[in-house]
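# Examining the three-dimensional arrangement
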Amino acid sequence: MAGYLIYNALDFGKEEYPKLGKVDSFSMENVDGSTVSLEDTEGKTRLFYFYFTSCPDVCPVTTFSMSQIQELLKEDGTFVKDASFVSISFDPEVDTRETIKAFGDRFKADYSGWYFLRGDAEETKQLARESFKILIEGNSVDNFVHANLIALVDEDNNIRKIYNASNTEEAAPEIIARDVRNVVSE
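By convention here, each chain's residues receive numbers from 1 onward along its written sequence. Per-residue local features of the predicted model are confined to residues with pLDDT of at least 70, and side-chain atom pairs are confined, for both listing and counting, to 80 or more; whole-chain, interface and lining totals are unaffected and use all residues. Working from all heavy atoms in the structure, the side-chain values ignore hydrogens and water.

### A closer look at the overall build of the protein
Numbering of helices and strands runs from the N terminus, with a helix taken as a DSSP run of H or I at least four residues long and a strand as a DSSP run of E at least two residues long. Helix and strand counts for the protein come out as six helices and ten strands. Atoms considered for the radius of gyration are the C-alpha atoms alone. The globule rule reads 2.2 Å times the number of residues to the power 0.38. For 186 residues, the compact-globule estimate of 2.2 N^0.38 gives 16 Å, and the C-alpha radius of gyration of the protein, at 17 Å, lies within 12% of that figure. The principal-axis extents of the C-alpha atoms in the protein amount to approximately 60 × 30 × 30 Å. Put simply, the protein has 186 residues, and 48% of those count as buried. Should any heavy atoms of two residues lie within 4.5 Å, those residues are counted as being in contact. Across the protein, the fraction of contacts at a sequence separation of at least 24, relative to all contacts at a separation of at least 6, is 70%. The Shrake-Rupley method, run with a 1.4 Å probe, gives the accessible areas here. Residue values count only the displayed protein chains as cover. On the protein, roughly 9200 Å² of surface is accessible, and the fraction owed to carbon and sulfur atoms is 51%. Positive charge is attributed to Lys and Arg, negative charge to Asp and Glu, and no charge count is given to His or to the chain ends. Charge placement uses NZ in Lys and CZ in Arg. For Asp and Glu, CG and CD serve respectively. Across the protein, 19 positive and 34 negative side-chain charges occur, with their mean positions spaced 3 Å apart. Relative accessibility under 20% of the residue-type maximum defines a buried residue, over 50% an exposed one, and the middle range a partly exposed one, all with a 1.4 Å probe and only protein chains included.

Right, dumping it as structure tokens:
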């Protein structure tokens, strides 16, 4: 019993979350019309996801998964208080605030802790590429190609983990919610 208590107290066996890089500063328009910067989201553990609302396949599925993570984090009060989500559209021509709001509403997004942002398309692609190492190519729904990744970012803007959202085992809502809680508690 003493060994078990020491093992748990010293966090043996607890997953480590290395610092993989820093998120570059940005400023974009939120779904409510306000301007949100990286600095506005600091102080919480965050999940970042790049998407477009007219995506025919992975974006709706991944956003649904994030809505499940939102619900899991609400169960213990982590969502809003200690964690938030940042979904960033890279198709501002199509993704108006109204279109984004309708998309978020489909997934029961709680906008008090989930930012749905839009900004300049090239600046957004640059942020994805340089901060998150996420490639986004193309300029319309007809030719967009993008990596379907979710990034776990700590309160100090350090990227701690990248999930392949298409891998349902690695990116299961329960696993990501656990990881968010672990980073919150560091």
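### Details of the sheet that holds strand 1 (residues 21-22)
What the eight strands build is an open sheet, ordered 1-10-9-4-5-6-2-3; its pairing is mixed. Every other strand in the sheet has two partners, leaving strand 1 and strand 3 (35-37) as the edge strands with one partner each. Of the strands in this sheet, strand 2 (27-30), strand 4 (45-51), strand 5 (83-89) and strand 6 (114-118) are in contact with helix 4 (residues 97-106), which crosses strand 6 at around 150 degrees. Running at roughly 135 degrees to strand 4, helix 6 (residues 173-184) makes contact with strand 4, strand 5, strand 9 (149-153) and strand 10 (158-164) of the sheet. Following DSSP output, two strands are said to pair if at least two bridges run between them. The axes are straight lines fitted to the C-alpha atoms, using for helices just the contacting stretch, and the angles between their N-to-C directions are given from 0 to 180°.

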